[in-house]
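Understanding the architecture of this molecule
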Amino acid sequence: MHEPGPARDHTERMLAHFGVVVESQRTGSAATIRLCGGQELTSGGRLDVPGDFSSAAFPLVAAVLVPSSAVRLIGVGVNPTRTGLYDLLESMGAAVGMEEQPPTDVTHPASAAGEPMATVSGRSSALTGIEVGGEVVVRAIDEFPIFAVAATQAAGTTVIRDAAELRVKESDRIAAVCTELRKMGADVEERPDGMRIHGPARLHGALVDSHHDHRLAMSLAAAGSGATANSPAMAALKMAGVMGWPVAHSLSPRMHNAAFAALGLDWVYVPFPVRPERLADAVRGLVALGFAGCNATVPHKAALVPLMDELTPIAAATGSRRWWIEWPSGCRWSNRARSMSGPGRRR
């Protein structure tokens, strides 16, 4: 098998761990890999599976961006074919560190099947814009959404090139990242094979779209953790929702959001999966976030009643568990710490 450019070598490492002879000849960034069929796989014994560096990237970058923040991520896989983002953050001046991690159980020596593991750390840092292209793009291809978030806070201009592959991931990540970060106040220019980002930008809250792409969703969440203000559109947006366990089956969000859009209302209706034992915490959270209302599915309908300051006469008489909460012109709902009160109605 011939690899014309740099590629991940997880498969070769795993096969070698299980006793397969794998020959690899590398010339620059290209490689030729050979193996003979019919080889016997031997027991790999106990394996420690390293944590995914791509998943670690989100809290790592968030810690770098949010003032007075720090994070230590233990047991992260640091295969050099996957750690391009780490190298890019270092080039930007980020205070990141990598400490080699030995096996966790010395009485039963563990192996990560030839994969290096480390404790990766990061803390809030001042960043400087850089130019990114060439070989490092392959080693950081999945992390460019979160790297773009970091670049919005770097002084100067960051240029990403040679990354056209981003257009054929779970979404067109070049177009999607540029579109969504602009909503938050970033100065981003889309390019055919990457983007140009001017920073630092004062990000603000916004209603963004994940484009059904998990990495974009996590990157935007990290961007939100460093946002310092709400946009006028967000300030005018009214939020409502439904709590339940489970709640994914509920059609309420789809129906409400379609109605809000058709009526031109600045409302959004959000589903919240809330375990019964976390119900009081969820109520406190909705009050703190300024939600204008909330509904509930079974089993929360009855369980929410003790958290309320009062029931309307109709609700008390009928035993109704279908209600809508509105404040400050709506009902009072206790969160056991503070309450927001008004004349109130529930239905």
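The model shown is predicted, which means the values in this text are computed figures rather than measured ones. (Residues numbered from 1 in each chain as written. Predicted model: local features only at pLDDT ≥ 70, side-chain atom pairs only at ≥ 80, totals over all residues. Heavy atoms only, no water.)

**Comments concerning helix α2 (residues 53–65)**
- With 13 residues, α2 should reach 18 Å at 1.5 Å per residue; the first-to-last C-alpha distance of 18 Å fits that figure.
- Of all the 13 residues making up α2, 11 are buried; the element is thus mostly covered by neighbouring parts of the structure.
- Three or more residues of α2 are buried, namely F53, S54, A56, A57, F58, L60, V61, A62, A63, V64 and L65. (Helix = DSSP H or I, 4+ residues; strand = E, 2+ residues; numbered from the N terminus. Expected span 1.5 Å × (residues − 1). Buried < 20%, exposed > 50% of the residue type's maximum accessible area, 1.4 Å probe, protein only.)

**Remarks on the nonpolar core**
- Core analysis: the biggest nonpolar cluster contains 57 residues, and F144, F147 and L181 have the highest contact counts within it.
- With 10 residues, α2 is the largest single contributor of residues to this core.
- Those residues within four positions of F147 in sequence are excluded, and the remaining contacts are L85, L88, M92, I130, V132, T158 and I160.
- Listed in part, the 11 residues of the second largest apolar core include L279, C294, A296 and L307. (Core = buried A, V, L, I, M, F, W, Y, C linked by side-chain atoms within 4.5 Å. Contact = heavy atoms within 4.5 Å.)

**Observations concerning the packing of aromatic side chains**
- Enumeration over the complete set of coordinates arrives at three aromatic pairs.
- Between F144 and F147, the ring centres sit 5.9 Å apart and the planes meet at 85 degrees, which makes this aromatic pair edge-to-face. On the criterion of helical spacing, the pair formed by F144 and F147 is a turn pair, its members being three residues apart in helix α5 (residues 144–152).
- Since its relative accessible area comes to 1%, F144 is described here as buried.
- With 5.7 Å between their ring centres and 40 degrees between their planes, F260 and W267 make a pair best called tilted.
- Among the residues examined, F260 registers a relative accessible area of 10% and is labelled buried. (Phe/Tyr/Trp six-rings, centres within 6.5 Å; stacked < 30°, edge-to-face > 60°.)

**Some thoughts on unusual backbone geometry**
- Cis geometry marks the peptide bond from G199 to P200, where omega comes out at 0 degrees.
- Inspection of the secondary structure assignment puts P200 in the loop between β11 (194–199) and β12 (204–205).
- The step from W245 to P246 runs through a cis peptide bond, and the omega angle for that step is 5 degrees.
- Located in the positive-phi region is D162, a residue other than glycine, with phi close to 65 degrees.
- By the element assignment, D162 lies in the loop between β9 (154–160) and α6 (173–183).
- Exposure remark for D162: the relative accessible area of 41% places this residue in the partly exposed category.
- Of note, H212 is a non-glycine position whose phi angle comes to about 55 degrees, a positive value.

**Some thoughts on the packing of α2 against helix α7 (residues 214–225)**
- Between α2 and α7, the least distance of the axes is 9 Å, while the angle of their chain directions is 15 degrees. Between α2 and α7, the interaxial angle falls into the category roughly parallel. When you trace α2 past α7, the crossing you get is right-handed. For the pair α2 and α7, the contacting residues are S54, F58 and A62 in the first and R215, M218, S219, A222 and S225 in the second. (Axes fitted to C-alpha atoms, helices over the stretch in contact; angles between N-to-C directions. Parallel < 35°, antiparallel > 145°, perpendicular 65-115°, else oblique. Left-handed = near helix turned anticlockwise from the far one by under 90°.)

**Section: the environment of G51**
- Here G51 shows up in the loop between β3 (30–34) and α2.
- The partly exposed category is assigned to G51, whose relative accessible area is 31%.
- Taking the C-alpha atoms as reference points, G51 and G75, separated by 24 residues in sequence, lie 5.7 Å from one another.

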